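Breakdown of the fold
So the chains spell out like this:
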Amino acid sequence: MRPDLFQAPDYYLLDDLLTEEHKLVREAAREWVKREVSPIIEDYAQRAEFPKQIISGLAEIGAFGPYIPEQYGGAGLDQISYGLIMQEIERGDSGVRSTASVQSSLVMYPIWKYGNEEQRIKYLPKLASGEFLGCFGLTEPNYGSDPGSMITNFKDMGDHYLLNGAKMWISNAPFADIAVVWAKDEEGRIHGLIVERGMEGFTTPETHNKWSLRASATGELIFDNVKVPKENLLPNKSGLGAPLGCLDSARYGIAWGAIGAAMDCYDTALRYAKERIQFDKPIAGTQLQQKKLAEMITEITKAQLLTWRLGVLRNEGKATTAQISMAKRNNVDMAIHIAREARQILGGMGITGEYSIMRHMMNLESVITYEGTHDIHLLITGMDITGIPAFK
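Definitions and limits used
- Residues numbered from 1 in each chain as written.
- Predicted model: local features only at pLDDT ≥ 70, side-chain atom pairs only at ≥ 80, totals over all residues.
- Heavy atoms only, no water.
- Helix = DSSP H or I, 4+ residues; strand = E, 2+ residues; numbered from the N terminus.
- Buried < 20%, exposed > 50% of the residue type's maximum accessible area, 1.4 Å probe, protein only.
- Polar contact = N/O pair within 3.5 Å; in protein donor to acceptor, adjacent residues only side chain to side chain.
- Contact = heavy atoms within 4.5 Å.
- Phe/Tyr/Trp six-rings, centres within 6.5 Å; stacked < 30°, edge-to-face > 60°.
- Lys NZ or Arg CZ within 6 Å of the ring centre and 35° of its normal.
- Pairing = 2+ DSSP bridges.
- Domains from an automatic or database assignment.
- Buried area = accessible area lost by both parts, 1.4 Å probe.
- Axes fitted to C-alpha atoms, helices over the stretch in contact; angles between N-to-C directions.
- Parallel < 35°, antiparallel > 145°, perpendicular 65-115°, else oblique.
- Left-handed = near helix turned anticlockwise from the far one by under 90°.
- Nonpolar A, V, L, I, M, F, W, Y, C, P; charged D, E, K, R; others polar.

**So, the side chain of His22**
- On the secondary structure map, His22 appears in helix H1 (residues 20-47).
- The buried category is assigned to His22, whose relative accessible area is 5%.
- There is a polar contact of 2.8 Å between the side chain of His22 and the side chain of Asp78.
- Not counting residues up to four positions away in its chain, the partners in contact with His22 are Asp78, Ile80, Ser81 and Leu84.

**Thoughts on the environment of Arg2**
- Position of Arg2 among the secondary structure elements: in the segment before H1.
- Spatially, the C-alpha atom of Arg2 lies 21 Å from that of Ala28, the residues being 26 residues apart in sequence.
- Apart from the residues lying within four places of it in its own chain, the contact partners of Arg2 are Glu354 and Tyr355.

**Comments concerning the packing of aromatic side chains**
- Applying the stated criterion to the full structure yields twelve aromatic pairs.
- Between Tyr82 and Tyr252 the ring centres are 6.0 Å apart and the planes differ by 35 degrees, which places this aromatic pair in the tilted class. Of the two residues, Tyr82 sits in helix H3 (residues 79-92) while Tyr252 sits in helix H6 (residues 241-275), which places them 170 residues apart along the sequence.
- Assessed through its relative accessible area of 0%, Tyr82 is described here as buried.
- Judged by centre distance (5.5 Å) and plane angle (10 degrees), the ring pair of Phe202 and Phe223 falls under stacked. Note that Phe202 is positioned in strand S6 (residues 202-203) and Phe223 in strand S7 (residues 218-229), a separation of 21 residues in sequence. Taken individually, Phe202 and Phe223 each receive the classification buried, so the pair is uniform in this respect.
- Each residue in the set Tyr67, Tyr82, Tyr109, Trp112, Tyr114, Phe136, Trp182 and Tyr252 is aromatic and connected to the rest through ring pairs, giving one cluster.
- For the cation-ring pair, Arg314 lies above Tyr252, with the distance from its terminal atom to the ring centre recorded as 5.3 Å.

**Looking at helix H9 (residues 357-367)**
- With eight of its eleven residues buried, H9 lies for the most part within the structure.
- Burial in H9 covers these residues: Ile357, Arg359, His360, Met361, Asn363, Leu364, Ser366 and Val367.
- Tucked into the core, H9 has its buried residues touching H1, H3, helix H4 (94-114), H6 and helix H8 (321-346).

**Brief notes about the pairing of S7**
- Both strand S3 (residues 160-171) and S7 contribute to a ladder of nine bridges, which runs antiparallel. Bridge pairing in S7 links Lys167 to Leu221.
- Relative to S7, S6 runs antiparallel, the two sharing two bridges. Counterpart to Phe202 in the pairing with S7 is Phe223.

**A closer look at the domain arrangement of the chain**
- According to the domain assignment, the chain contains domain 1 (14-129), domain 2 (134-237) and domain 3 (241-386).
- Its C-alpha centre places domain 1 at a distance of 20 Å from the equivalent point of domain 3.
- Both sides together, the interface formed by domain 1 and domain 3 hides about 2,500 Å², and carbon and sulfur atoms give 59% of it.
- Taken together, domain 1 and domain 3 are joined by 15 residue pairs in polar contact (both at pLDDT 80 or more).

**As for the packing of H3 against H6**
- Where H3 contacts H6, the axes come no closer than 7 Å and their chain directions differ by 45 degrees. By the angle between their directions, the pair H3 and H6 is classed as oblique. For the element pair H3 and H6, the recorded crossing hand is right-handed. Across the interface between the two elements, Gln79, Ile80, Tyr82, Gly83, Leu84, Met86, Gln87, Glu90 and Arg91 of H3 pack against Ser249, Ala250, Tyr252, Gly253, Trp256, Gly257, Ala258, Ile259, Gly260, Ala261, Met263 and Asp264 of H6.

**Looking at the packing of H6 against H8**
- Close contact between H6 and H8 brings their axes to 8 Å; oriented N to C, the two are set at 20 degrees. Regarding the angle of H6 to H8, the classification is roughly parallel. Between H6 and H8 the crossing geometry is left-handed.
- When grouped by side-chain class, the residues that make up the contact of H6 with H8 number 21 nonpolar, four polar and three charged.

In structure tokens:
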């Protein structure tokens, strides 16, 4: 792995829109990624292994629940700070950002928003510190884009609930200490349950043979007559809107994170194009390579403006689900296109682990699908502007 010489592009001087706190948070995350992630990530991706030793570092830079109030162990930061942290982590690797996103938006967020005070005190500080890692169980073998049709269910047995079913494509599952699981009660209403590792009948087999997110642990959640204490039910919100609210927070973080991956590909390609000599001059001096690079920085800049504005709206409590979907879809599509173009600039070197581009490209093939596929987000926007759902 080459030295991490990353320099972030800021073509429209967007740093002027950030507070000093925003920039300090971003710089702490950026330096940590350069020091702790970049030197090891290619090796772990090649081995298809998650580097567990970075968990404490993720906690130290505030990557776990950055917007969770300090009284529960969070950093109490705003939404733009959260986005900037996700951007810097995904600049290192999408799989590492996935671990942080799940912990923050899909585990800590529902406990904070939908849980009671006892649950917040019990779980959030340990999740914020990295002592506990969590996962989020929504997607099922037969239900991905249609989570409302889930078949995972629980029954009231008097002094406990009995949980049965299965979830798949679950980030962090193989080593998670707790899982926030979405299941239907006997009336068909969706609720969130906190399932703890060690509960009898709860297993988390790992998913192997992935060509994407190789440095992220993925698995299944299997529930075979799992006895869940009644105090583990999230009491303050039910229905499909509850898990979708978590996904809003996670998708917002992804919109920022994808910019990080795009930035890394652009920065790598720009540096390479200036150094690579062909026909007695750097390839950066050719029209076709300048076209690629100019289009990359244009698309990155547009995505930066989109997410910054979305962050302001999130801070003000005004951002809609459809606005978040637009940003997630646009920015991931932008990033995957830039990864492919950057690979072309590097030629054959672009496919090697000596550079980060091919790893980003493979990772983004997952990011463009998870937490709402590219096409589903298009239909969310379509429904929002027409008022007519096209899902069925």
